[in-house]
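Architecture and fold: a report
These are the residues of each chain, in order.
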Amino acid sequence: MDTMVNQFTALTMMSKEQMRKYIVRRTLPEQIEYSFSDAIPPLLQRIYAHRGVSCDADMQRELSALLPADTLKGLKPSLVLLQEALANQQAILVVGDFDADGATSSALAVLALQAMGAQRVDYLVPNRFEYGYGLTPEIVEVAKSKHPDLIITVDNGISSVDGVLAANAAGIKVLITDHHLPGQILPDAAAIVNPNQTGCDFPSKNLAGVGVIFYLMSALRTALNDAGWFALQNLPVPNMADFLDLVALGTVADVVPLDRNNRVLVHQGLRRIRAGRCRPGISALIAVAGRNQQQLVAADLGFTVGPRLNAAGRLDDMSHGIECLLTTDTALAAEMAQELDALNRDRRAIEGSMQQEAMASLNELQHSLATNELDAQTFGLCLFDKTWHQGVIGILASRIKDKFHRPVIAFALADSGQHGADMAEQEIKGSARSIPGFHIRDALDAIATRHPGLVNKFGGHAMAAGLTIQLKHYQAFQQAFDQEVRRQLSLEDLRGQIWSDGELEARDLTLAQAETLREHGPWGQAFPEPVFDGEFKLVQQRIVGEKHLKMVLALPASNTVIDAIAFNVDLNQWPTSSDKIKLAYRLDVNEFRGEKSVQFVAEYLESVKAS
């Protein structure tokens with residue numbers, strides 16, 4: 001654990017007061033005129049207004065509200081490539097990414113192309129431990145054995161300059177579909193569809209990779225239909241709505257902002273999943289996660305279904321996840337889902353061990369240091385341990401980020417099998433997670449510009465990114481990262497905040513209100529599920545399931561009592577001797593043995609001292 005000591009030392013200088021989270025009540029954005037109809041209940045009007053929604057039309061969730069595809073840059077040459085490939089029955093190879101977005105994108109591309117008459121379509125997902133991310137020259141070498149005429153990248157490719165060159169040299173055309181931010185040099189692909197590329201007028205820049213390929217396949221279906229293709233081939237015209245279950249899963253799992261367009265995609269996908277009109281693999285993953293398919297919400301996709309799909313790419317081979325999504329055999333889908341669930345349990349065990357090691361090191365240092373100097377803190381935190389599993393460092397970075405409220409990068413050896421004398425020359429891979437106000441991909445770009453040779457490669461989004469550096473440059477990178485965070489953020493920015501939609505009155509604490517909130521999402525990234533706050537009398541409290549706190553709360557000046565639960569509490573602090581608590585919570589529906597009831601799910605809680 002010596003490799004982690006210097007990363008944690010400064011954090012141990014934080015007092016409990018500095019580590020506290022602060023509840024901040026949302027206010028209405030200025031200079032926006034609101035014109036909700038009476039069809040929107042007052043509480044929902046308040047919640048929507050807090051999220052920048054100004055009228056009923058902004059909450060339309062029908063497919064007719066989707067943005068048209070025609071402003072996507074690169075759409076026309078992409079359609080020419082695809083129509084030519086179909087007309088000549090060329091071999092098409094889909095090259096995906098090894099996460100849930102990449103898996104759903106790969107499955108959607110294969111299924112849609114097959115539905116449109118492609119007879120020679122296959123997929124390839126790079127094993128993250130052998131080939132790394134994207135269309136690399138090494139992956140092109142593997143692809144060549146499949147003799148493709150056209151490679152379609154999904155959820156990757158915008159940074160694959162060398163890989164596209166290798167494909168071009170081999171006489172293989174490349175069509176890139178991606179949503180990651182482009183670098184200064186674009187690959188020399190035959191066509192690129194990416195809403196974030198320069199010059200693209202598509203209004204929503206928040207499509208996930210699966211959203212991009214959905215738009216492209218939808219446009220292809222329209223073009224083929226207009227040309228009479230389906231009639232000539234004696235094929236039914238595909239209903240693109242049949243693929244929205246995949247779009248919803250990939251979009252939520254990739255934690256992209258749920259802007260208006262993405263909310264339509266996710267809502268429509270959820271409707272189909274709830275109605276049982278989805279891929280057998282998705283139904284099987286929902287079942288193995290113990291969720292009620294008819295009551296599924298976006299959070300279930302993000303926190304239960306997505307992680308099981310992701311586990312394949314993190315620990316093994318994402319083709320297992322893609323095959324689960326592709327199969328039409330219900331029994332086989334159930335078997336595959338069980339395998340993915342087992343991988344996810346392994347992932348959780350590895351992650352738990354890594355997190356326990358990290359926090360144990362921190363706790364030891366906290367006991368040995370007494371100072372509370374604020375200006376000695378680490379603003380940007382880097383973590384590295386040579387024993388860590390590179391498939392899980394992203395989750396570890398996210399957990400540490402949540403605890404310490406600052407940007408975090410967790411590193412692991414790129415090749416865990418080499419621990420020799422030349423270890424300093426080895427590459428290490430980092431997975432970065434950020435906080436609001438700090439664009440992590442742009443920060444890595446700034447570091448690479450200011451310190452040439454320090455970063456080998458990088459890519460990502462505002463809130464998550466990946467990179468590789470040499471181990472010998474780790475300390476220099478650590479300092480550069482901390483300096484970049486200090487340049488952009490203040491201490492106040494590093495204080496953990498819980499955003500609240502205000503207090504609820506006793507009349508709002510009903511099952512009907514909780515179900516209304518559940519149904520009027522989808523809630524997610526940049527369109528968060530409503531959170532409320534208040535102080536309550538603590539009537540009862542007990543630990544259940546090892547570290548969850550079950551409570552009965554009473555409202556001030558009211559006889560109303562309500563059940564509440566807080567997950568994964570600190571057993572050194574809870575149960576508390578105080579009879580009063582401050583709580584930030586979600587109003588949720590608890591279903592047990594077929595009976596529904598309303599309950600609070602704590603987002604944050606703290607004891608309130610008696611005055």
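A few points on the structure. (Residues numbered from 1 in each chain as written. Predicted model: local features only at pLDDT ≥ 70, side-chain atom pairs only at ≥ 80, totals over all residues. Heavy atoms only, no water.)

The subject of this paragraph is the sheet that holds strand 17 (residues 595-607). The strand order around the closed barrel built from five strands is 13-14-15-17-16, with neighbouring strands paired in mixed fashion. Neighbour-to-neighbour, the strand axes of this sheet turn through a mean angle of 45°, independent of strand direction. Sheet topology places strand 14 (residues 548-554) next to strand 15 (residues 561-566); six bridges connect them, and they run antiparallel. Counterpart to L549 in the pairing with strand 15 is A566. Of the strands in this sheet, strand 13 (532-544), strand 16 (580-592) and strand 17 touch helix 19 (residues 511-519), which is tilted by about 80° from strand 16. (Pairing = 2+ DSSP bridges. Helix = DSSP H or I, 4+ residues; strand = E, 2+ residues; numbered from the N terminus. Axes fitted to C-alpha atoms, helices over the stretch in contact; angles between N-to-C directions. Contact = heavy atoms within 4.5 Å.)

Moving on, we get to the nonpolar core. Grouped together as the largest cluster of nonpolar side chains are 125 residues, with contacts concentrated most on L108, M217, L553 and F600. Excluding its chain neighbours within four sequence positions, the residues that come into contact with F600 are L509, F536, L553, I562, D563, A564, I565, L583, Y585, R586 and L587. Judged by nonpolar contacts, the second largest core, of 27 residues, contains I428, L471, L489 and L494. (Core = buried A, V, L, I, M, F, W, Y, C linked by side-chain atoms within 4.5 Å. Buried < 20%, exposed > 50% of the residue type's maximum accessible area, 1.4 Å probe, protein only.)

The next thing to look at is the state of the cysteines. The final tally for this structure, using the stated rule, is zero disulfides. C278 provides the cysteine sulfur closest to C324, a residue in no disulfide bond, and the two sulfurs are 11 Å apart. (Disulfide = S-S within 2.5 Å.)

At a closest axis distance of 9 Å, the pairing of helix 5 (residues 100-115) and helix 14 (residues 319-326) adopts a crossing angle of 45°. Judged on the interaxial angle alone, helix 14 and helix 5 are oblique. Every pair of crossing elements has a handedness; the one defined by helix 5 and helix 14 is right-handed. Where helix 5 approaches helix 14, its residues A103, T104, S106, A107, V110 and L111 are matched on the opposing element by I322, L325 and L326. (Parallel < 35°, antiparallel > 145°, perpendicular 65-115°, else oblique. Left-handed = near helix turned anticlockwise from the far one by under 90°.)

All right, on to the pattern of salt bridges then. In this structure the tally under the stated criterion is 28 salt bridges. R260 is the partner of D58 in a salt bridge, and the nearest nitrogen-oxygen pair spans 3.7 Å. Here D58 is found in the loop between helix 3 (42-50) and helix 4 (75-87), whereas its partner R260 is found in helix 11 (residues 260-274), with 202 residues between them in sequence. (Salt bridge = Lys/Arg side-chain N within 4 Å of Asp/Glu carboxyl O.)

What follows concerns the side chain of Q197. Relative to the helices and strands, Q197 is located in the loop between strand 6 (191-193) and helix 8 (209-226). The exposure class of Q197 is buried, given its relative accessible area of 5%. There is a polar contact of 3.0 Å between the side chain of Q197 and the backbone oxygen of I192. Not counting residues within four places of it along the chain, the set of residues in contact with Q197 comprises K73, P182 and I192. (Polar contact = N/O pair within 3.5 Å; in protein donor to acceptor, adjacent residues only side chain to side chain.)

Among the structural elements, I322 can be located in helix 14. Since its relative accessible area comes to 0%, I322 is described here as buried. Considering only alpha carbons, one finds I322 and R399, 77 residues apart in sequence, at a separation of 27 Å. Those residues in contact with I322 that lie beyond four places of it in its chain are A103, S106, A107, Y123 and V125.

Any functional reading would require information that these geometric values do not contain.
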